[in-house]
Amino acid sequence: MWFTVPVPVCPLSSDESSGFGPVFEEEPADTIYPEESPEAKIVMSCRARASPPAKYRWRLKGRDIDFKTESDHFSLVGGNLVISNPDKGKHVGTYSCVAANIFGAVVSRSALVQFGYLDMFSTEEREAVRVREGQGAVLLCDPPPHYPDDLSFRWMLNEFPVFISPTERMFVSQMTGNLYISKVEAIDSGNYSCFVSSPSIAKSVFSKFIPLVPLVERPIKKYPADIRVKFSETYALVGQNITLECFALGNPIPQIKWRKVDGDLPLHHEISLAGGQLHLRNVQYEDEGTYECEALNSKGKDWHRANIHVEASPQWLEDISSTEKNIGSAYTMSCLASGKPKPHVHWLKNGQSVSQNKHELKFARLTFNDSGMYQCIAENRHGIIHANSELRVFASAPTFLLSPVKKKILVAKNGRVVIECRPRAAPKPVFTWSKGTELLANSSRIFIWESGNLEIVNATKTDEGMYTCFAENDLGKANSTGSLSITEATKITLAPSNADVTVGEDARMQCAASHDSTLDITFVWSLDGHTIDIDIEGEHYERVDGESSGEIVIKKTQLNHAGRYTCTAQTPVDNVTASADLVAPPAPPGGVRVEEIRDKSLRLIWSQGTDNHSPISKYSIQYRDSASTDDWREAVTSPVNVEGNAETATVVGLIPWTEYEFRVTATNTLGTGDPSDPSPKITTLEAAPVVAPSDIGGGGGSSRELTITWTPVQPEYYYGPNFGYIVAFKPHNENEWRKVTVAEPQARRYVHKDSSISPSTEFDVKVKAFNKKGEGPYSLTAVIYSAQDVPSEAPINLESRPLSATEVVLSWAPVLEPTVDGYQVRYWKKQVETESQHMPIMLSNRDNQTRIENLKPNSHYMMEVRAFNNAGLGPPKRIEISTKKPPPSRPPKIISTRLNPSGSTVNIAWEQVQPLANESKVENYKVLYRPEGQPKGELYITQKQHIDLPMRKGLHTVEVRAQTEGGDGAVAQVQISGGTVEAAQSLSLTTLLLAALFCLGL
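Along each chain, the written sequence defines residue order, and numbers are assigned to residues from 1. Per-residue local features of the predicted model are confined to residues with pLDDT of at least 70, and side-chain atom pairs are confined, for both listing and counting, to 80 or more; whole-chain, interface and lining totals are unaffected and use all residues. Derived side-chain values reflect all non-hydrogen atoms in the structure, with water molecules and hydrogen atoms excluded from consideration.

Draft legend 1. Structural view of the pairing of strand E64 (residues 659-668). Each residue gets one of three labels from its accessible area relative to the maximum for its type: buried under 20%, exposed over 50%, partly exposed in between, using a 1.4 Å probe on protein chains only. The way it works is that DSSP assigns letters per residue, a run of H or I at least four long becomes a helix, a run of E at least two long becomes a strand, and they are numbered from the N terminus. A large share of E64 lies buried, amounting to nine of its ten residues. Two elements, E64 and strand E66 (residues 682-683), share two bridges in a ladder whose sense is antiparallel. For Tyr-660, the partnering residue across the bridge sits in E66 and is Ile-682. Any two strands with at least two DSSP bridges between them are considered paired. Bridging between E64 and strand E65 (residues 671-672) involves two bridges; their strand directions are antiparallel. Counterpart to Asn-668 in the pairing with E65 is Gly-671.

This is the structure we're talking about:
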């Protein structure tokens, strides 16, 4: 039940009038109570400021809570409601608080109590997901039962706390919790678990692990974009932040693009997670519309659209406030609320419904019974708002204690003055005025207002004197007196004059006035109605004050300083003004927008900016497109010259299917002003292409193929979506063209395979572009030739000649076909290596032999030679060879070095080299006699085991090695200097000692 509120039915005393009805300072809020909460109570807040203090009651689902019979669960602490041991079956519902005192009662906003929970995931094992590499995958989260729905989702990989970071290839939907992988890779193998958190109840759970098994596939296939995460039709409230999700499977990884179908994306949007999420911040009504996400890769594209609806919870446009009204007067309380859907408005008085369900509550004649606490309530499906006020109905005899007539009143000669008379009285009193002892009545210069004020116009010295206001009603009467004095009027004696702006220079505006000598005068300047604050704007303005002068200097004048300057000379009694114009180039036009969009033209509309007091002579229009985001260019208009009185123009010569924005500048006799803000970006309509591909050519390729090449059309000339090429070709001596379609915009070639095509056949080819709107013109016709056949013959007379254990020379007779471009040579160890073990040797058609090095000694090799041309390789010719045994691995052992008696020669002797069983037989010995540090010298070949060498000045090195059919063996060295032996690499110990004694002369 509601309170019975006693309301005074007679005038309040001064003590009583100091009290007031309840005003909420704290109201209950929606509460989610975790079912697993260790704190077994819920506290709902309610506190009101009131005098005398308020008493409180609570309601649940519209029913009064009886604290006596329900004390096990409900208690009142101050104004707060405490629910002990909350029970989901009993205590879920809507609560409201009622606060009341002798002045009335008010009802709080409603608050909903719900129980929050998040169950555990099922303990059943999850099945493995097997996907081929390159395909997309979706791992289902399937969250357990829960309340509320504000869950957040993450995925763990193999163990806690290793969480997956979203990338352009992996996406976790915050709507469903599912994990999406656009294309699976081998590194994705592992066990995945869905991790679910509920911020409302501070609880998290995770699922059983789901094995993901990528299946090897070679080559990895490519798949077109396939959108799997699709945002749904969404309802948002003004001021909210919302997130739209869109993600696609595909290989290559699809690129996600967002757009608003019926306009630009909101300025306050943000795209994250590689395009997977579109965030709209602080949503407004103009953000409503159809949104589209497009997923695109080289294999295809997919798109999804859905509508975003913007609504709003109730907001006050006009509400009520506490007031005091005279008894017997008419009064209207008014509440206006905005919202979508339109809010329903109703009224409460002292917590009880008032029959009127309109935005106004009217009182024709107030009585004391109308006093009380009033509440205006506006609600729609998105919320409820309250506006509270206290209405006091007042009655008293007139009194001037709080608002007496002003004691001293001044008015300028010939001016107008209003003497206020505002006693406190109810009912409204009757007013009369007197000057001295003379009772005043309405005349041509004197008026007594219905409110009680006295007005005098065209005041003269004779109007000076004492004026008294009399007020009387049924409860009594009172009066109050003030004096009126007449002063000299203020007059402008030097008015400012018009001037032109010269940017960067100073400008002056003069102003002087006469005034009553008993009064102070001040000068105030304004620009186009806005007062100039010299203290704040001192960088550009300076005051030059005189006794009765208010000159102002505009320093380093800029275009934005142009306009109408007004000087106001004011005293405490009156003021006068004078104005002048500071003329400049025009201000920027405003409201630039685009209409009537076509493929190559559109209509631009703007609003004229301030002309800065010099008429606008013409407008210029500039544009920039998506290809030139930094450069503004002059647009071509129809008519070419846009007159100064125009607010629209047609822009022509645009490129179809291109994004543009425009701005407008205005020009007058003083120059061109700053440009307007850019228009919203728009895209011109689609059109068929007009530019053909260039550089048509081709030819060559594999046998039975016709290869056609071209330079692609630049993207700005696509003129529409679904852009591609039509390739036409025919044999030169035929009339009928064959046509094929290439759907890739950046394609550069087309290869036509046909077993019936003869080699090196002359073809005519041409290419044109097409898009969704139609086809463009063909390119110039080019002449190309089909591919040659591969060589039909193998090389003959294939011969090999070993040079050493690791080198051979391979030779052959040339293939006598005109189409041969060269020869390919391959080699491999027979039964040990594969044919592709070594890189092939590629030779020109002028070569018929090659040297093959770095072979393995004493090994069997297969060698192959093929002729080739652009069409491929001809038949092979092979030969089997064996490399020689390697040379001896041991160097000759130098056994002596002797100088002849004359010292003109030196004899070097060494032991016979005995090769191993797998080494080549020694045929000769090579002796290299060279200066130390030089790679070249004198080479001697001998079958003996000694040699006489001429002595040379300086240090020399002698190298000795065995010569075999498998090459040269290991080397032995000895150094000789001026007839002495410096060192011997392979000398015996005895020989070294003899050499040492010889050097010492012993």
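Draft legend 2. Spotlight on the UniProt feature "domain: Fibronectin type-III" (unreviewed entry) in the protein chain. UniProt positions are given in the numbering used here, feature names are shortened, and annotations may be inferred rather than shown by experiment. According to UniProt, the positions carrying the feature "domain: Fibronectin type-III" (unreviewed entry) are residues 588-687, 692-789 and 794-887. From the first C-alpha to the last, residues 588-687 spans 34 Å; its make-up is 0% helix and 46% strand. For the annotated span residues 692-789, helix accounts for 0% and strand for 50% of the residues, and the straight-line distance between the end C-alpha atoms is 32 Å.

Draft legend 3. Spotlight on the state of the cysteines. In this description, the term disulfide denotes a pair of cysteine sulfurs within 2.5 Å. One pass over the full model with this rule turns up six disulfides. Note on cysteine connectivity: Cys-46 is disulfide-linked to Cys-97, with sulfurs 2.0 Å apart. The sign of the -75° torsion about the S-S bond sets the Cys-46-Cys-97 disulfide as left-handed. Remark: Cys-97 occurs in strand E9 (residues 93-101) and Cys-46 occurs in the loop between strand E3 (41-44) and strand E4 (47-51); sequence separation between them is 51 residues. Neither residue differs from the other here; Cys-46 and Cys-97 are each classed as buried. Across the disulfide from Cys-511 sits Cys-567; the S-S distance is 2.0 Å. Since a negative S-S torsion denotes a left-handed disulfide, the Cys-511-Cys-567 link at about -80° is left-handed. Here the residue Cys-511 occupies a position in the loop between strand E49 (507-509) and strand E50 (512-514), and Cys-567 occupies one in strand E55 (residues 563-570), the gap between them amounting to 56 residues. Taken individually, Cys-511 and Cys-567 each receive the classification buried, so the pair is uniform in this respect.

Draft legend 4. Structural detail: the side chain of Thr-568. If you trace the backbone, Thr-568 turns up in strand E55. The contact definition used throughout considers only heavy atoms, calling two residues in contact when any of these lie within 4.5 Å. When sequence neighbours within four positions are dropped, the list of residues in contact with Thr-568 reads Thr-522, Phe-523, Val-524, Asn-575, Val-576 and Thr-577.

Draft legend 5. Highlighting the nonpolar core. Ranked by internal contacts, the top residues of the largest apolar core, which has 23 residues, are Met-44, Trp-58, Leu-81 and Tyr-95. Contributing elements (two or more residues each) for this core: E3, E4, strand E5 (55-60), strand E8 (80-84), E9 and strand E11 (111-118). Dropping the residues within four chain positions of it, Leu-81 is found in contact with Ile-42, Val-43, Met-44, Trp-58, Ile-65, Phe-67, Phe-74, Ser-75 and Tyr-95. Residues belong to one nonpolar core when they are buried, are Ala, Val, Leu, Ile, Met, Phe, Trp, Tyr or Cys, and are joined through side-chain atoms within 4.5 Å. One finds Phe-121, Leu-139, Met-170 and Cys-194 within the second-largest nonpolar core, a separate group that totals 22 residues.

Draft legend 6. Local environment of unusual backbone geometry. Across the junction of Asn-251 and Pro-252, the peptide omega takes the value 5°, indicating a cis bond. In this structure, Pro-252 sits in the loop between strand E23 (242-251) and strand E24 (255-260). For the bond from Ala-426 to Pro-427, the omega torsion is 0°, close enough to zero to count as cis. Considering the arrangement of structural elements, one finds Pro-427 in the loop between strand E40 (424-426) and strand E41 (430-435). Although it is not a glycine, Asp-695 sits at a positive phi angle of roughly 55°. Inspection of the secondary structure puts Asp-695 in strand E67 (residues 694-698).

Draft legend 7. Quick peek at the sheet that holds strand E76 (residues 808-813). Read across the sheet, three strands follow the order E75-E76-E79 without closing on themselves; strand pairing throughout is antiparallel. The open sheet has two free edges, formed respectively by strand E75 (796-802) and strand E79 (849-852), since each of these has just one partner strand. When strand polarity is set aside, the average angle formed by the axes of neighbouring strands in this sheet is 15°. Summarising the sheet, E75 and E76 pair through five bridges and their orientation is antiparallel. By the bridge assignment for E76, Arg-801 is matched with Val-809. An axis is simply a line fitted to the C-alpha atoms; with a helix, the fit covers only the stretch in contact. Between two such axes, the angle follows the N-to-C directions and lies from 0 to 180 degrees.

Draft legend 8. Looking closely at the pattern of salt bridges. A pair is scored as a salt bridge if a Lys or Arg side-chain nitrogen falls within 4 Å of a carboxyl oxygen belonging to Asp or Glu. Going through the model one piece at a time under the given rule, you end up with 52 salt bridges. The closest approach of N and O atoms between Glu-661 and Arg-624, which form a salt bridge, is 2.6 Å. Of this pair, Glu-661 sits in strand E64 while Arg-624 sits in strand E59 (residues 618-625), placing them 37 residues apart in sequence. Relative accessible area serves as the criterion here: at 10%, Glu-661 is assigned to the buried category. A salt bridge links Glu-880 to Lys-830, with the shortest nitrogen-to-oxygen separation between them at 2.9 Å. Here Glu-880 is found in strand E81 (residues 872-882), whereas its partner Lys-830 is found in the loop between strand E77 (822-829) and strand E78 (841-844), with 50 residues between them in sequence.

Draft legend 9. Summary view of the UniProt feature "domain: Ig-like" (unreviewed entry) in the protein chain. Mapped onto the present numbering, the UniProt feature "domain: Ig-like" (unreviewed entry) falls at residues 22-114, 119-206, 224-309, 314-392, 398-487 and 490-583. Within residues 119-206, the helical portion is 0% and the strand portion 39%, while the C-alpha atoms at the span's ends are 10 Å from each other. Here residues 224-309 is 0% helix and 63% strand, with 31 Å between the C-alpha atoms at its ends.

Draft legend 10. The environment of Pro-689, seen in detail. Note on placement: Pro-689 falls in the loop between E66 and E67. Taking the relative accessible area as the measure of exposure, Pro-689 reaches 3% and is therefore buried. For the pair Pro-689 and Ser-200, spaced 489 residues apart in the sequence, the C-alpha separation amounts to 57 Å. Ignoring any residue separated from it by four or fewer positions in sequence, one finds Pro-689 in contact with Tyr-717, Tyr-718, Tyr-719, Phe-723, Ala-769, Phe-770, Asn-771, Gly-774, Glu-775, Gly-776 and Pro-777.

Draft legend 11. Just the packing of aromatic side chains, in detail. Between rings of Phe, Tyr and Trp, where Trp is taken as its six-membered ring, a pair exists when centres lie within 6.5 Å; planes separated by under 30 degrees are stacked, by over 60 edge-to-face, and by other angles tilted. Scanning the entire structure with this criterion turns up 20 aromatic pairs. With a centroid separation of 6.5 Å and an interplanar angle of 55°, the aromatic rings of Tyr-541 and Tyr-565 are classed as tilted. Of this pair, Tyr-541 sits in strand E53 (residues 541-545) while Tyr-565 sits in strand E55, placing them 24 residues apart in sequence. Take Tyr-541: its relative accessible area is 3%, and that puts it in the buried class. Pairing Tyr-718 with Phe-723 gives two aromatic rings, centres 4.1 Å apart and planes at 20°, and the pair type is stacked. Residue classification places Phe-723 among the buried positions, given a relative accessible area of 3%. In textbook terms, an aromatic cluster arises when at least three aromatic residues are bridged by ring pairs, as seen for Phe-160, Phe-163, Phe-195 and Phe-206. When the NZ atom of lysine or the CZ atom of arginine is within 6 Å of a ring's centre and also within 35 degrees of its normal, the charge is said to sit over that ring. The ring of Phe-163 is capped by Arg-154, whose NZ or CZ atom sits 3.9 Å from the centre of that ring.

Draft legend 12. Quick peek at the sheet that holds strand E16 (residues 170-172). In spatial order, the strands read E13-E17-E16; together these three strands make up an open sheet with antiparallel pairing. Bordering the open sheet on either side are strand E13 (137-139) and E16, each of which pairs with just one other strand. If you compare each strand with its neighbour and ignore which way they point, the axes differ by 15° on average. Note that E13 and strand E17 (residues 179-181) share three bridges and pair antiparallel. Note that in E17 the partner of Val-138 across the bridge is Tyr-180.

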